[in-house]
Amino acid sequence: MKALVPLAAILGVAGLAYAGGLLPGTRALLGVVLPYAAMGIFLIGFSFRVVRWAWSALPFHIPTTCGQQKSLGWIRSNPIENPNHKAGVAARMALEILLFRSLFRNSQARLEEEGPRLLYAENKWLWLGALAFHWSLLVVLVRHLRYFLSPVPAFLPALDAVDGFLQIGAPQLFVTDAVIVAALLYLLARRFANGRVRYLSLPGDFFALFLLLGIAITGILMRYFTKVDLEGIKQLALGLVTFSPLVPASVGPLFFVHLTFASLLLAYFPFSKLMHMGGIFLSPTRNLANDSRARRHVNPWDYPVKVHTYQEWEEEFHDKIASAGLPLEKERTRA
Amino acid sequence: MRDKFWILGGLLLFVGVATLPTWRDWETHANTRPPALVLPAHAKQCVAPLDFMRGSHMQLLLDWRQSAVRENNPTYVAYDGKTYPKSLTKTCLSCHDKREFCDRCHDYVGARTPYCWNCHVDPALGKGAAR
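What counts as what
Per chain, the residues get numbers from 1 upward, laid out in the order the sequence is written. Chains and ligands are labelled sequentially in the order written, the chains with letters from A and the ligands with numbers from 1. Local features are withheld for residues below a pLDDT of 70 in this predicted model, meaning they are given only at 70 or higher, and side-chain atom pairs are given and counted only at 80 or more; totals for whole chains, interfaces and linings count all residues. Based on all heavy atoms of the structure, the side-chain values leave hydrogens and waters out of the count. By convention in these notes, a salt bridge is any Lys or Arg side-chain nitrogen within 4 Å of a carboxyl oxygen on Asp or Glu. Remark: exposure states derive from per-residue accessible area (1.4 Å probe, protein chains only) relative to the maximum for the residue type, with buried under 20%, exposed over 50%, and partly exposed in between. For this analysis, a nonpolar core means a set of buried residues of the types Ala, Val, Leu, Ile, Met, Phe, Trp, Tyr and Cys, connected via side-chain atoms within 4.5 Å. Numbering of helices and strands runs from the N terminus; a helix is a DSSP stretch of H or I covering at least four residues, while a strand is a stretch of E covering at least two. Contacts between residues were defined by any pair of non-hydrogen atoms, one from each residue, lying within 4.5 Å. The term buried area denotes the loss of accessible surface (1.4 Å probe radius) that occurs when two parts are joined, taken as the sum for both partners. Pairs of N or O atoms within 3.5 Å make up the polar contacts considered here, provided that, within protein, one atom can donate a hydrogen while the other can accept it, and that residues adjacent in sequence are counted only when both atoms are side-chain atoms.

## Quick word on the pattern of salt bridges
All names here are of chain A. Considering all chains together, one arrives at 14 salt bridges over all chains under this definition. The partner of Arg295 in a salt bridge is Asp291, and the shortest N-O contact between them spans 3.0 Å. According to the relative accessible area criterion, Asp291 is buried, its value standing at 9%. Among the charged side chains, a network of salt bridges with common partners joins Glu81, Arg101 and Arg105.

What follows is the structure in structure tokens.
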């Protein structure tokens, strides 16, 4: 059920977009109004969430670490896993953002029947799938710049040559096209196959995966199978980014499904877990140096609290304490 | 406060990158119109209808290579019954000019110059060089 509703939603959107791509009245709506609205929601929503994060209170210094902290000179510290300086933090963040370091450390708990014993084993598949997906997505996005730029900068055909180095078919098979679909299918299968992950999965998790799969599949269909009029699509894309939009008649309905999916992804982005794109930079457990023993961090949100110290309390009840024969801090320190 | 400077700076950078095509096209005064192609004067009909050629000419060329070079089947029977030799140089380039026809569209949509030209040459180019 958690997967069926998102799947039905995606298929419904695909059906509506395909029908809309056939009808002359809705082509401008899907090809012009929808992308602009989606981009507006994306930019404003993304900025809004990041600004709200920036203004939220961070009272304590809370890096989580997994290496030896810098202490005495003769104890070897781990400056990246337990950074005590900005440079270490930068290295740690770079490893996290570019190589998903914390997923690489993923381990899976498993209850062994005989015993029973609880076993923890390394599990690198999630790391590999996530890395393959994210890097492929980046390459695919950069490749799409060729539709939005005129003249096309020279590095884009060069990137196509690298991505198509297998030289299979015409147009040439892009490695990232195959990898992104394989990775998405793995990430999806993982949510079904593993009982605990299935229990933890929410409709939003499936929605994002189905949506990304939909975008990839429609793109692949257009490039390798149904074929499209690239000239018309380039005109449409260029028109959008130069604010002189037009929808050429030669653009087929499948393209509108692709474009609607992409617009939906943009519009859905700020409201979803996909915001981890911005959030990863703002994770206080990762982007702070673990120097709270070397430097004093005062909570900037502290306000003056009326306190009654022990000294004041002892002063107040001095006679009573003394007459009961109880020890007094004041006299002990004097002696 | 110093954090906010970095966060807002990063956000500004992100918005800039996300809208990069608009800035770049504004700077280069990008022309959204596709190139007007010069159609061959002496031929009215291509080996396949326009819609098919637009999307699938690369597939046609690959099929031609396969059947002519590897299956020894060098003649193409077009949809209207006419026959053509399955040859990029003899058929396609006898009407079309690489620079005036192929390249202009490929450049416009940013489709990479394919490896056809690693072996084939444009006969028009050869004539110019001979002189």
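## Observations concerning the nonpolar core
In this structure, Phe46(A), Phe133(A), Leu184(A) and Phe261(A) are the most contacted members of the largest nonpolar core, which totals 40 residues. Put simply, the parts of the chain that give this core at least two residues each are α1 (4-22), α2 (24-54), α5 (125-143), α8 (175-193), α10 (203-226) and α12 (253-268) of chain A together with α1 (2-18) of chain B. The biggest single contributor to this core is α10(A), with 12 residues. Once you skip the residues sitting within four places of it in the chain, Phe133(A) turns out to touch Ile180(A), Ala183(A), Leu184(A), Leu187(A) and Leu212(A). Counting 12 residues, the second largest nonpolar core, distinct from the first, contains Tyr147(A), Leu236(A), Ala237(A) and Val251(A).

## Section: unusual backbone geometry
All names here are of chain A. Backbone torsion omega between Ser150 and Pro151 reads 0°, so that peptide bond is classified as cis. With respect to the element layout, Pro151 can be found in the loop between α6 (145-148) and α7 (155-163). Here the bond from Ala170 into Pro171 is cis, since omega is -5°, no more than 30 degrees from zero. The residue Pro171 is located in the loop between α7 and α8 in this model.

## Thoughts on the interface of chain A and chain B
With 42 residues of chain A at the interface, the matching set in chain B holds 32 residues. Interface area for chain A against chain B, summed over the two sides, is near 3,300 Å², with a carbon-plus-sulfur share of 67%. Salt-bridge contacts for Arg54(B) lead to Glu231(A); the nearest nitrogen and oxygen are separated by 4.0 Å. Counting across the chain A and chain B interface gives eight residue pairs in polar contact (both at pLDDT 80 or more). Within the residue set of the side of chain A that touches chain B, elements represented by two or more residues are α2, α6, α7 and α11 (230-241) of chain A. Per-element tally for the side of chain A that touches chain B: the top contributor is α2(A), with eight residues.

## A word on the side chain of Ser67(B)
All names here are of chain B. The topology assignment puts Ser67 in helix α3 (residues 50-70). Reaching out from Ser67, the side chain makes a polar contact with the side chain of Lys86 at a distance of 2.7 Å. Those residues in contact with Ser67 that lie beyond four places of it in its chain are Asn72, Asn73 and Lys86.

Nothing here speaks to function; it is geometry throughout.
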